[in-house]
Amino acid sequence: MSSEDKFSDITVAAVAEAIEAFAPRRLQESYDNTGLQFGFPDMIVTGVLLTVDVTPAVVDEAIDKGCNMIVSHHPLLFHGVKSLTGSTPVELALIKAVTANVAIYSSHTALDSAPGGVSHRMSRMLGLEDVEVLEPHNPDLTEGLGCVGNLAEPLTFDRFVALVKSKFGSPVVRCSDPSRYAGSSSRIERVALCGGSGGSLIRRAIDAGAQVYLTSDTRYHDFLDFSSSIIIADIGHHESESCSKEIFYELITKKFPNFAVKLACSDQNPMVYL
């Protein structure tokens, strides 16, 4: 039996099950929409395209590459869609997917809270040790949002920022002024982080003894209010969650070796830094 024959019967449901074995849907936040966004569970999958966001360009790329399933971190259907006229990027992406019969599956906050999920992957990228969940959701403290851990060796703040830029591909890091921090910022040792919009966990990062909290979408008043208690380092939302594609890739290819799984080239940060 050839590898092509062996994996000719992989369905949308089978791909979803491979992801949900790692990041079950029960882990999603109450406001979220993790799961199959469009498509039939029993549809045979010809290939999977991985992305952070589902955009019209990403759907076009999936079609061009012969992938009839897209797996994304951010749900395409997050807010209510009341018409399908193609007047918004969400509507246009959905029309393209429906027309070409391209299934869409998203794992958002479920992947964020899964053991080994987005924040854990960010911790690995920074080489953190003794990593713990920042906001646990279960009694054994393995599931939940954010992480906190220790650098393998203390770094100056400048070197820490350089490490963050290198690992996450962020040309800019918005930082609170280290001189305002009441603790010692001469050597950074303990770091908390959360992929995506993690402003709600700042107090938990402080309580966990972190000197720096790495996240994105931080508000001006968070920088103002917490600068004496912790150094906030804010990278782009897209940069903080791009590692989700690597997680998806590993999950799917481990379950289905030699299967066509591709990273979307058109999945680009919608912001530019001038």
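Residues numbered from 1 in each chain as written. Predicted model: local features only at pLDDT ≥ 70, side-chain atom pairs only at ≥ 80, totals over all residues. Heavy atoms only, no water.

1. What to know about the overall build of the protein chain
On a plain count of helices and strands, the protein chain comes out with 11 helices and 11 strands. Taking 19 Å as the expected radius of gyration for a compact globule of 274 residues, we find that the protein chain reaches 20 Å, a close match to that expectation. The principal-axis extent of the C-alpha atoms belonging to the protein chain is close to 60 × 45 × 30 Å. Within the span of the protein chain, comprising 274 residues, buried residues form 50% of the whole. Put simply, of all contacts in the protein chain between residues at least 6 apart along the chain, 67% involve residues at least 24 apart. With an accessible surface of roughly 12900 Å², the protein chain has 52% of that area assigned to carbon and sulfur atoms. Of the side chains in the protein chain, 22 bear a positive and 34 a negative charge, and the two mean positions are spaced by 3 Å. (Helix = DSSP H or I, 4+ residues; strand = E, 2+ residues; numbered from the N terminus. Rg over C-alpha atoms; globule rule 2.2 N^0.38 Å. Buried < 20%, exposed > 50% of the residue type's maximum accessible area, 1.4 Å probe, protein only. Contact = heavy atoms within 4.5 Å. Areas by Shrake-Rupley, 256 points an atom, 1.4 Å probe, with all protein chains shown as cover. Lys, Arg positive; Asp, Glu negative; His and termini not counted. Charge placed at Lys NZ, Arg CZ, Asp CG, Glu CD.)

2. Section: the packing of helix 6 (residues 118-126) against helix 7 (residues 157-168)
Orientation of helix 6 relative to helix 7, taken along the N-to-C sense of each, is 120°, at an axis distance of 10 Å. Judged by the inter-axis angle, helix 6 sits oblique to helix 7. The crossing of helix 6 and helix 7 is right-handed. On the side of helix 6, the interface is formed by Met122, Met125 and Leu126, while helix 7 contributes Phe160, Leu163, Val164, Lys167 and Phe168. Of the residues assigned to the contact of helix 6 with helix 7, the class counts are 7 nonpolar, no polar and 1 charged. (Axes fitted to C-alpha atoms, helices over the stretch in contact; angles between N-to-C directions. Parallel < 35°, antiparallel > 145°, perpendicular 65-115°, else oblique. Left-handed = near helix turned anticlockwise from the far one by under 90°. Nonpolar A, V, L, I, M, F, W, Y, C, P; charged D, E, K, R; others polar.)

3. Some remarks on the packing of aromatic side chains
Overall, the coordinates contain 2 aromatic pairs when judged by the stated rule. An angle of 65° between the planes, with centres 6.2 Å apart, marks the rings of phenylalanine 256 and phenylalanine 259 as edge-to-face. Judged by its relative accessible area of 8%, phenylalanine 256 is buried. (Phe/Tyr/Trp six-rings, centres within 6.5 Å; stacked < 30°, edge-to-face > 60°.)

4. Topic: the side chain of threonine 109
Positionally, threonine 109 belongs in helix 5 (residues 109-113). Taking relative accessible area as the criterion, threonine 109 reaches 2% and is therefore assigned buried. The residues touching threonine 109, leaving out its near neighbours within four places in the chain, are Leu27, Gln28, Glu29, Tyr31, Asp32 and Thr34.

5. Some words on the sheet that holds strand 10 (residues 231-234)
Within the open sheet, the 6 strands sit side by side as 5-6-8-9-10-7. Their pairing is mixed. Whereas interior strands pair on both sides, the edge strands pair on one side only; in this sheet they are strand 5 (129-136) and strand 7 (174-175). Where strand 5 and strand 6 (residues 144-155) come together, 5 bridges link them in antiparallel fashion. When the bridges of strand 6 are listed, glutamate 135 appears paired with leucine 145. On top of the sheet, helix 6 reaches strand 5, strand 6, strand 8 (188-197) and strand 9 (212-216); it is set at about 140° to strand 8, its chief contact. Lying on the sheet, helix 7 is in contact with strand 6, strand 7, strand 8, strand 9 and strand 10; it crosses strand 6 at an angle near 125°. (Pairing = 2+ DSSP bridges.)

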